[in-house]
Amino acid sequence: MRTLFSTCALVLLTLSLNTFAQEPYRFSGTRYSITHQDKGSFQEISLRGVILSGFVEDLDGLKAVQKKLIPDLPIRLVLHSGGGFQMRFNQLARSLRKACPKERCEITTVVESMCASACIPLFMVGDVREASRYASFGFHQAAVVPGAVMIPRMAQRDLRRAGVDETWLQENDSMFQSLDITWRRPRQLHGSNIVTREIE
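Not measured: the values here are computed from a predicted model.

Draft legend 1. Representation of the overall build of the chain. When helices and strands are tallied, the chain shows six helices and eight strands. In sequence order, the chain lays out its α and β elements as α-β-β-α-β-α-β-α-β-β-α-α-β-β. Counting contacts in the chain only where the partners sit at least 6 residues apart, residues at least 24 apart contribute 66% of the total. As displayed, the chain has an accessible area near 10,900 Å², and 55% of this comes from carbon and sulfur atoms.

Below, the structure is given as structure tokens:
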């Protein structure tokens, strides 16, 4: 009986994890890639994918890049991410700002295709924030665990702290009432202080 119970529990856990991993925008992948390159006059960091908390390998990539950061050298951060756990993105943002203080160098953040959820406050760390006219930015209500329990106003709070315009947040409050993502092009973000420069 115990063996049967254990087997059923394992099957249910497997099904749950499969559903968790296949959630359309937050878990298109349970891995991410992050790279650092010294370009001479600036350093470039590229982050692609979703950062999930609780996986040791998810922390290794961040730590490796943080150790490679060159103090006082301008940073170009290229993002293609559906988000993940806000804490990890905040940690990276703090590391970038520490390595490149506003008074000594400039951070440029770039989105060519997609930046959603927890990716947006990281994008906001840029002094110059560039986005392709075809890029998509995704907004939704925050949750304790992506896809789980919602935390009212958490998403707005994080965006407000990152520098998103307060009036724009209030006018677009409906985007933050659901876990479903609302997508916006750069031209639809006028007045938000999110994108400072459109690129081809």
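Draft legend 2. Spotlight on unusual backbone geometry. For Asp 72, which is not glycine, the phi dihedral falls at a positive 65°. Secondary-structure assignment places Asp 72 in the loop between α2 (56-68) and β3 (75-84). For Asp 72, a relative accessible area of 37% corresponds to the partly exposed category. Phi at Ser 117 takes a positive value of approximately 55°, unusual for a residue other than glycine.

Draft legend 3. Inspection of the state of the cysteines at higher detail. Scanning all chains against the criterion turns up two disulfides. Sulfur-sulfur distance for the disulfide between Cys 100 and Cys 105 comes to 2.0 Å. Like Cys 100, the residue Cys 105 is buried in the burial classification. For Cys 115, the disulfide goes to Cys 119, at an S-S distance of 2.2 Å. Measuring handedness by torsion sign, the sulfur bridge of Cys 115 and Cys 119 sits at about -110° and is left-handed. When sorted by exposure, Cys 115 lands in the same class as Cys 119, which is buried. Take the cysteines of the chain that form disulfides and number them in order along the sequence; they join up as 1-2, 3-4.

Draft legend 4. Molecular detail of the packing of aromatic side chains. Counted by the stated rule, this structure contains three aromatic pairs. Measuring from centroid to centroid gives 5.5 Å for Phe 139 and Trp 168, while their planes differ by 55°, and the two rings are tilted. Within this pair, whereas Phe 139 is found in strand β6 (residues 136-139), its partner Trp 168 is found in helix α6 (residues 166-171), the two being separated by 29 residues in sequence. Judged by its relative accessible area of 2%, Phe 139 is buried. For Trp 168, a relative accessible area of 5% translates into the label buried. A connected cluster of aromatic rings, assembled from ring pairs, spans Phe 139, Trp 168 and Phe 176.

Draft legend 5. Up close: the pattern of salt bridges. A complete count under the given rule lists eight salt bridges for this structure. Asp 127 is paired through a salt bridge with Arg 97; the nearest N and O atoms lie 3.1 Å apart. Placement of the pair is Asp 127 in the loop between α4 (119-123) and β5 (128-132) and Arg 97 in helix α3 (residues 86-99), with a sequence separation of 30 residues. Classification of Asp 127 by relative accessible area gives partly exposed; the value is 24%. Arg 197 is the partner of Glu 130 in a salt bridge, and the nearest nitrogen-oxygen pair spans 2.6 Å. Taken as a pair, Glu 130 in strand β5 and Arg 197 in strand β8 (residues 197-199) lie far apart in primary sequence, 67 residues in all.

Draft legend 6. The arrangement of α3 in detail. Between its terminal C-alpha atoms α3 stretches 20 Å, which fits the 20 Å expected from 14 residues at 1.5 Å a residue. Every buried residue of α3 is listed here: Gln 86, Arg 88, Phe 89, Leu 92, Ala 93, Leu 96 and Ala 99. Taken end-on, α3 shows its buried residues confined to a sector of 165°, consistent with a single buried face. Exposed residues on α3 whose side chains face more than 90 degrees from its buried face are Arg 94 and Lys 98.

Draft legend 7. Local environment of the pairing of strand β1 (residues 32-38). Alignment of β1 against strand β2 (residues 43-51), held across seven bridges, turns out to be antiparallel. The partner of Ser 33 across the bridge, within β2, is Arg 48.

What counts and what doesn't
- Residues numbered from 1 in each chain as written.
- Predicted model: local features only at pLDDT ≥ 70, side-chain atom pairs only at ≥ 80, totals over all residues.
- Heavy atoms only, no water.
- Helix = DSSP H or I, 4+ residues; strand = E, 2+ residues; numbered from the N terminus.
- Contact = heavy atoms within 4.5 Å.
- Areas by Shrake-Rupley, 256 points an atom, 1.4 Å probe, with all protein chains shown as cover.
- Buried < 20%, exposed > 50% of the residue type's maximum accessible area, 1.4 Å probe, protein only.
- Disulfide = S-S within 2.5 Å.
- Phe/Tyr/Trp six-rings, centres within 6.5 Å; stacked < 30°, edge-to-face > 60°.
- Salt bridge = Lys/Arg side-chain N within 4 Å of Asp/Glu carboxyl O.
- Expected span 1.5 Å × (residues − 1).
- Arc of directions from axis to C-beta.
- Pairing = 2+ DSSP bridges.

Structural measurements only, silent on function.
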